[in-house]
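Remarks on the overall topology
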Amino acid sequence: MTSPDSETVRKAFGHFATGVTIVTAIDNEGKSVGMTASSFNSVSLDPPMVLWSAGAQASEFEVFSKCRKFAVHVLSATQVELSNRFATPGIEKFDGIDWQMSLQQLPVIAGCPLCLQCETVDRHDAGDHKILIGRVIGVDINSDDPPLLYYGSSYHQLGESL
Ligand SMILES: Cc1cc2nc3c(=O)[nH]c(=O)nc-3n(C[C@H](O)[C@H](O)[C@H](O)COP(=O)(O)O)c2cc1C
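Everything numeric in this text was worked out from a predicted model, so none of it was measured. All residue numbers refer to position in the chain's written sequence, counted from 1. Owing to the predicted nature of the model, reporting of local features is limited to residues with pLDDT of at least 70; listing and counting of side-chain atom pairs is limited to 80 or more, with chain, interface and lining totals taken over all residues.

**Notes on the overall build of the chain**
- The numbering of helices and of strands both runs from the N terminus, where a helix is a DSSP run of H or I of at least 4 residues and a strand a run of E of at least 2. From N to C terminus, the chain includes three helices and twelve strands.
- On C-alpha atoms alone, the chain measures out to a radius of gyration of 16 Å, which is about the 15 Å that the 2.2 N^0.38 rule sets for 162 residues.
- Dimensions of the chain, computed from the C-alpha atoms along their principal axes, are close to 50 × 40 × 35 Å.
- Whether a residue is buried, exposed or partly exposed is read from the other C-beta atoms within 10 Å of its own C-beta, which are placed from the backbone; 20 or more gives buried, 12 or fewer gives exposed, and intermediate counts give partly exposed. Across the 162 residues in the chain, those meeting the buried criterion constitute 29%.
- We call two residues in contact whenever the C-beta atoms placed from their backbones are within 7 Å. Taking the intrachain contacts of the chain between residues at least 6 apart in sequence as the baseline, contacts between residues at least 24 apart amount to 62%. Based on C-alpha atoms, the radius of gyration is set beside the globule rule, defined as 2.2 Å times the residue count to the power 0.38.

Encoded structure:
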């Protein structure tokens, strides 16, 4: 078996369907930062813990890799535009969107089905990504709107239950 080239790896990883989140945090000056991330997963129920991974390509990689807290917003199928906005480098991502700073000093975006506020408890270097593990310190379940899915480098929505 030969080592796979990067195109094959990208294609292979794209076979795994995920939801889509936006992760936010603040930098040292208190400025809000955010990026779209499909690498989110739940980890532990007790204590409640989650993980996601930030890629070295992200302009706010340094902020996320050192942040002490982060907020994960799970997106609904109606939020493709928001997902693309937070995956676009070089723009003021929070301009013109409905958001506010939480009591935990985390930027919380309105209208997302779920927002988890988390305290970073562990960080691991993993190739060109940093895995961030957080303990959930706040849960806001806002709606049961159907989730936005990501599969094969495209957005999808839920089909029929099996
Ligand atoms: C659906 C989707 C999922 C993504 N998931 C991740 C992810 O889990 N980790 C990551 O580092 N980048 C991920 N990205 C890419 C980042 O969102 C993107 O590189 C980054 O936000 C670009 O803007 P920035 O450089 O201003 O951060 C994803 C992009 C999209 C569209």
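Here the narrative resumes, following the displayed structure.
**Looking at the nonpolar core**
- For the purposes of this analysis, a nonpolar core is taken to be any set of buried Ala, Val, Leu, Ile, Met, Phe, Trp, Tyr and Cys residues that are connected through C-beta atoms within 7 Å. Formed by 30 residues in total, the largest nonpolar core has its most connected members in Val23, Phe70, Ala71, Val72 and Leu75.
- Of all the elements, strand 6 (residues 69-74) adds the most residues to this core, at four residues.

**Focus on the site of the ligand**
- Only the C-beta atom, placed from the backbone, is used; a residue is near a molecule or strand if that atom lies within 6 Å of it. Around the ligand lies a shell of 18 residues, among which Met35, Ala37, Ser39, Gly55 and Ser59 are the nearest.
- Breaking the shell around the ligand down by element, the ones donating at least two residues are strand 3 (32-37) and strand 5 (49-55).
- Tallied by class, the residues present in the shell around the ligand amount to eight nonpolar, nine polar and one charged. Residue type decides the class: Asp, Glu, Lys and Arg count as charged, Ala, Val, Leu, Ile, Met, Phe, Trp, Tyr, Cys and Pro as nonpolar, and the leftover types, Gly among them, as polar.

**Observations regarding the sheet that holds strand 11 (residues 148-151)**
- Strand pairing is defined by DSSP finding a minimum of two bridges between the two strands. As summarised here, the arrangement of the three strands in space is 1-11-12, forming an open sheet in which the pairing is antiparallel. Single-partner strands in this sheet number two, and they are strand 1 (18-19) and strand 12 (154-157).
- Pairing geometry for strand 11 and strand 12, over four bridges, is antiparallel. Bridging from a neighbouring strand, leucine 149 pairs with histidine 156 of strand 12.

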